[in-house]
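# Fold and contact review
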Amino acid sequence: MSIDLRQLLTERRNPASENIDTLSTLEMLTVMNDEDCRVPLAITPYLPQIAKLVDRVAQAFAEGGRLIYIGAGTSGRLGILDASECPPTFGTRPEQVVGLIAGGHKAILSAVENVEDNREQGEADLKAINFSAKDVLVGLAASGRTPYVLGAMAWARSLNACVAVVSCNPQSEMAALADIAITPAVGPEVVTGSTRLKAGTAQKLVLNMITTGAMIRSGKVYSNLMVDVEATNAKLIERQISIVMDATECDRATAEAALQQCHRHCKTAIVMVLTGLDAAQAKAVLEKNNGFIRLALQQA
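Residues numbered from 1 in each chain as written. Predicted model: local features only at pLDDT ≥ 70, side-chain atom pairs only at ≥ 80, totals over all residues. Heavy atoms only, no water.

## Section: the nonpolar core
- The biggest cluster of nonpolar side chains holds 36 residues, and the ones touching the most others in it are L53, L67, V138 and I210.
- If sequence neighbours within four positions are ignored, I210 has contacts with L53, V54, V57, L67, Y69 and V166.
- Ranked by size, the runner-up nonpolar core spans 25 residues in total, among them L225, V244, A279 and V285. (Core = buried A, V, L, I, M, F, W, Y, C linked by side-chain atoms within 4.5 Å. Buried < 20%, exposed > 50% of the residue type's maximum accessible area, 1.4 Å probe, protein only. Contact = heavy atoms within 4.5 Å.)

## Structural notes on the domain arrangement of the protein chain
- The domains assigned to the protein chain are domain 1 (9-217) and domain 2 (221-298).
- Between the C-alpha centres of domain 1 and domain 2 the distance comes to 34 Å.
- Facing the eight residues of domain 1 at the interface are six residues of domain 2.
- When domain 1 packs against domain 2, close to 580 Å² is buried across both sides, 58% of that on carbon and sulfur atoms.
- Here domain 1 is connected to domain 2 by zero salt bridges.
- Where domain 1 packs against domain 2, one counts two residue pairs in polar contact (both at pLDDT 80 or more).
- Listed by contribution, the elements that provide at least two residues to the side of domain 1 that touches domain 2 are α5 (86-90) and α10 (198-217).
- The element best represented in the side of domain 1 that touches domain 2 is α5, accounting for four residues. (Domains from an automatic or database assignment. Buried area = accessible area lost by both parts, 1.4 Å probe. Salt bridge = Lys/Arg side-chain N within 4 Å of Asp/Glu carboxyl O. Polar contact = N/O pair within 3.5 Å; in protein donor to acceptor, adjacent residues only side chain to side chain. Helix = DSSP H or I, 4+ residues; strand = E, 2+ residues; numbered from the N terminus.)

## Concerning the pattern of salt bridges
- Counting across every chain of the model gives ten salt bridges.
- Where R66 meets D135, a salt bridge forms, and the shortest distance between an N and an O atom there is 2.8 Å. Of the two residues, R66 sits in the loop between α3 (47-62) and β1 (67-71) while D135 sits in the loop between α7 (119-128) and β3 (136-140), which places them 69 residues apart along the sequence. Assigned by exposure class, R66 and D135 land together as buried.
- In this structure, D179 engages R157 in a salt bridge whose closest nitrogen and oxygen atoms are separated by 3.9 Å. With a gap of 22 residues between them, D179 in the loop between α9 (173-177) and β5 (180-182) and R157 in helix α8 (residues 147-158) connect regions that are remote in the sequence.
- By relative accessible area, D179 is classed as partly exposed at 40%.
- On the basis of relative accessibility, which here comes to 34%, the residue R157 falls in the partly exposed class.
- Here the salt bridges share partners, and the residues they tie into one network are E35, R38 and K198.

## Description of the packing of aromatic side chains
- One pass over the structure, following the stated rule, counts one aromatic pair.
- Geometrically, the ring pair formed by F131 and W155 is tilted, given 6.5 Å between the ring centres and 55 degrees between the ring planes. With F131 in the loop between α7 and β3 and W155 in helix α8, this pair connects stretches of sequence that are 24 residues apart. Here the two residues F131 and W155 agree in accessibility, since each one is buried. (Phe/Tyr/Trp six-rings, centres within 6.5 Å; stacked < 30°, edge-to-face > 60°.)

Here you go:
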């Protein structure tokens, strides 16, 4: 079934860039920058929907569920990028936030032809990771009509799972299928149809909000510090020390000593310094309060 792509907002020509090939480099980049400035403003009306999704994802995490992104091309890669950054940033299990892309691992690095048109494969890929009703599915597609994503969304809906969409075409098939539709209208691209530009930026900004917001709601941020960060390299070891110092206003020696005593677990070290508890006691009070430092401090 053919479709007139010009019906899609993201596929229309942008009057602001019709002569972009005749401009100087600085003028060209100014046009691009002016268009990029529209992206956050397009997201603003959808903050209530994003908030609803954040709370739903946090609830899923609390109940043992997962956040699953699914997309094709640029959208799929953005989902994988966001998912892959959660374990080092927030100390999550790799399977807690998962990104799926049409065409599988090969498609992360290079284009794989025709795979986004396979509706059945979207369903199959969800089944392969044992997707269930306690998980949250977020379909990603600038166009809002990718068959691979639609197939996955339809199957997730059949399980009564929460299904959301992040797209840049408000009146789309994916938006109609979703429980929560986040569809910022960023308008036509500077290069017609190149949705890795404004549409990709919009999706990246929204995904940042979804995971960061859900992690904050899950107790993985104290004040504005990433207190579940893992010490997997020299930079992150230093970051852990800085986090404990900032959270407790202690000196470096105190922060390092606490981290060593609790096997470099930032949250435990913070509670130790602020309460005077030993590592085992601090760990216990954190576990009793589901990892929320503020609640642990109130109880201690």
